[in-house]
Amino acid sequence: MKSLIVRLVPFAAVLAKFALAGTLGIVLGLTITFAVVSRGQGFAAIRAGPWTGWPRNEAAADIDPYTRAILARSGRAALNESEAVGFFAKGDSTGSEFDPACEYTIKGEVPAARYWTLTLFTPEGGLVSNQTGRQGLTSNELLRASDGGFEIILSRKARAGNWLQIGDLPRFIIVLRFYDSELGSPAAAIDTAHMPAVIRGDCR
Amino acid sequence: MNRVDRLLVVLLWTVSVLVVAGITHIAAILFYPKTVSLERFSQISKLAEPGQIAPLPFAEPGEQPLPFADPAVAQSICPFDLSRGGLRLHADVEAGRLLTLSFHTSDGEIFYSMSDRGAQQGKIDVVVLTPSQLELVQADDDEDNPSPDLRLIAPANAGFVIISALAPHPSEKGEARYRAQSVACSIERLAGS
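Calculation criteria
Residues numbered from 1 in each chain as written. Chains lettered and ligands numbered in written order. Predicted model: local features only at pLDDT ≥ 70, side-chain atom pairs only at ≥ 80, totals over all residues. Helix = DSSP H or I, 4+ residues; strand = E, 2+ residues; numbered from the N terminus. Buried ≥ 20, exposed ≤ 12 C-beta atoms within 10 Å, placed from the backbone. Contact = placed C-beta atoms within 7 Å. Core = buried A, V, L, I, M, F, W, Y, C linked by C-beta atoms within 7 Å. Nonpolar A, V, L, I, M, F, W, Y, C, P; charged D, E, K, R; others polar. Pairing = 2+ DSSP bridges. Axes fitted to C-alpha atoms, helices over the stretch in contact; angles between N-to-C directions. Parallel < 35°, antiparallel > 145°, perpendicular 65-115°, else oblique.

Student: What is the right way to read the overall build of chain A from this model?
Tutor: Along the backbone of chain A there are two helices and ten strands. Going residue by residue from the N terminus, the α and β elements of chain A occur as α-β-β-α-β-β-β-β-β-β-β-β. Burial analysis of chain A (204 residues in total) assigns 35% to the buried set. In chain A, 69% of the contacts between residues at least 6 apart in sequence involve partners at least 24 apart.

What follows is the structure, given as structure tokens:
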């Protein structure tokens, strides 16, 4: 009996090593996946100044698996639903992240589209709750200058003109969505010059 | 065991850990989007039966049907199950009013999308079919009197259509909700199926 146990010990040791290696491997694999999917943008992301978007066919079978997984994780696949092409910005045109204590101005050109909307979200895609009860503006309701140009102001304190209230949260992002636009074609080049700039103003 | 042997053993175990990690990573990346999509599909399936239309609530802070939902857009969903027959959608389009349809499979692929600009004489008529259902329909076609239907082949039997209507001004939200709901969605029974 004793000799059997003695003979089994090396087997058990090898088995334990296999189990340890397998567990370590699975934990490592899942950790890498989680890090990539939570932080990454995917290979198919398009950047234009502060804006990041994905080509229209992001949910189609021909997109790379990383982009698919990242879009599924963040819920951002919804940006390209219903004939919309969406871009999000986490910060201003200089690259620094949005600070809710600051005032931001969005102005410049926008690509041609039948309609576009600009919406405030939390980084997870929840609508920002604020006193005005408005989280977004559409291209039709904007007040425009005589030359057709526009300025949208994001701030906590009320402003005249096209104003969205940031609300009481630590972080926010903005989403610019174009409905029924030429951007939908797969090879559409997105020119930074035709995306609006996001300029930081005073902070308090 | 001398030092070289010991180093080799350590190396071998490290490589095997990395191989397992690599396989786990690839499998997780490939399966994750499907599980998210299927979960979403099962939520949507609870809202309506296949071939029926159900409105999604307007996105408001704290109660959004989907993340990143545009608060200016009213949406309805119509699930389909092609094993019970084709899906027919009919919409009367108002000039200048943005109405879009996007066609999803249960595992998250958008296989078609269109806007009211694709309407013919103010009407959108779409039939979603499996390849064998399309053959049945085409066998019945009258060459002198072509069907106005847009025929789509779905890559999977189960899925859903999202109907979206934009309210260009906040005061038009009610009207947008009405337009998103007034799309007719029904099961198309086919001879022989």
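Student: How should the nonpolar core be read in this particular structure?
Tutor: A general tendency of soluble globular proteins is for nonpolar side chains to be buried together. By size, the foremost hydrophobic cluster in this structure holds 69 residues, and its most contacted members are B:L89 and B:V161. When residues no more than four places from it in sequence are discounted, the contact partners of B:L89 are B:L101, B:I124, B:V126, B:V161, B:V183, B:A184 and B:C185. Ranked by size, the runner-up nonpolar core spans seven residues in total, among them A:V37, A:W54, A:L71 and A:A72.

Student: Whenever I open this one, the interface of chain B and chain A confuses me. Can you help?
Tutor: At the interface, 44 residues of chain B touch 47 residues of chain A. Looking at the side of chain B that touches chain A, the elements with two or more residues in it are α1 (3–47), β4 (99–105), β5 (110–115) and β8 (158–166) of chain B. With 17 residues, the top contributor of residues to the side of chain B that touches chain A is α1(B). The residue inventory of the side of chain B that touches chain A, partitioned by class, reads 26 nonpolar, 14 polar and four charged.

Student: It is not clear to me how the sheet that holds strand β9 (residues 173–181) of chain A should be interpreted in this structure. Could you clarify?
Tutor: In sheet architecture, strand pairing relies on hydrogen bonds along the backbone and comes in two forms, parallel and antiparallel. Residues and elements named next belong to chain A. The strand order across the open sheet built from six strands is β1-β2-β3-β9-β5-β6, with neighbouring strands paired in antiparallel fashion. What marks the edges here is a single partner per strand, and that holds for β1 (46–48) and β6 (136–138). Strand-to-strand twist across the sheet, computed as the mean angle between neighbouring axes with direction ignored, equals 20°. Pairing between strand β2 (residues 51–53) and strand β3 (residues 84–89): three bridges, direction antiparallel. Across the sheet, W51 pairs through a bridge with A89, a residue of β3.

Student: What should I look at first to understand the packing of helix α1 (residues 2–39) of chain A against helix α2 (residues 65–74) of chain A in this one?
Tutor: For any two helices packed against each other, the geometry is given by the interaxial angle and the distance between the axes. Residues and elements named next belong to chain A. Where α1 meets α2, the axes come as close as 8 Å, and the angle between the chain directions of the two elements is 75°. Between α1 and α2, the interaxial angle falls into the category roughly perpendicular. Where α1 approaches α2, its residues V36, V37 and S38 are matched on the opposing element by Y66, A69, I70 and R73. Of the residues assigned to the contact of α1 with α2, the class counts are five nonpolar, one polar and one charged.

Student: Would you take a moment to explain the sheet that holds strand β4 (residues 102–107) of chain A for this structure?
Tutor: All names here are of chain A. A sheet is described by the order of its strands in space; here four strands give the open sequence β8-β7-β4-β10, paired in mixed fashion. Two strands bound the open sheet, and with one partner strand each, they are β8 (162–165) and β10 (197–203). Between one strand axis and the next, the sheet turns by 25° as a mean value, whatever way the strands run. The pairing of β4 with β10 spans five bridges and is antiparallel. For Y104, the partnering residue across the bridge sits in β10 and is R200.

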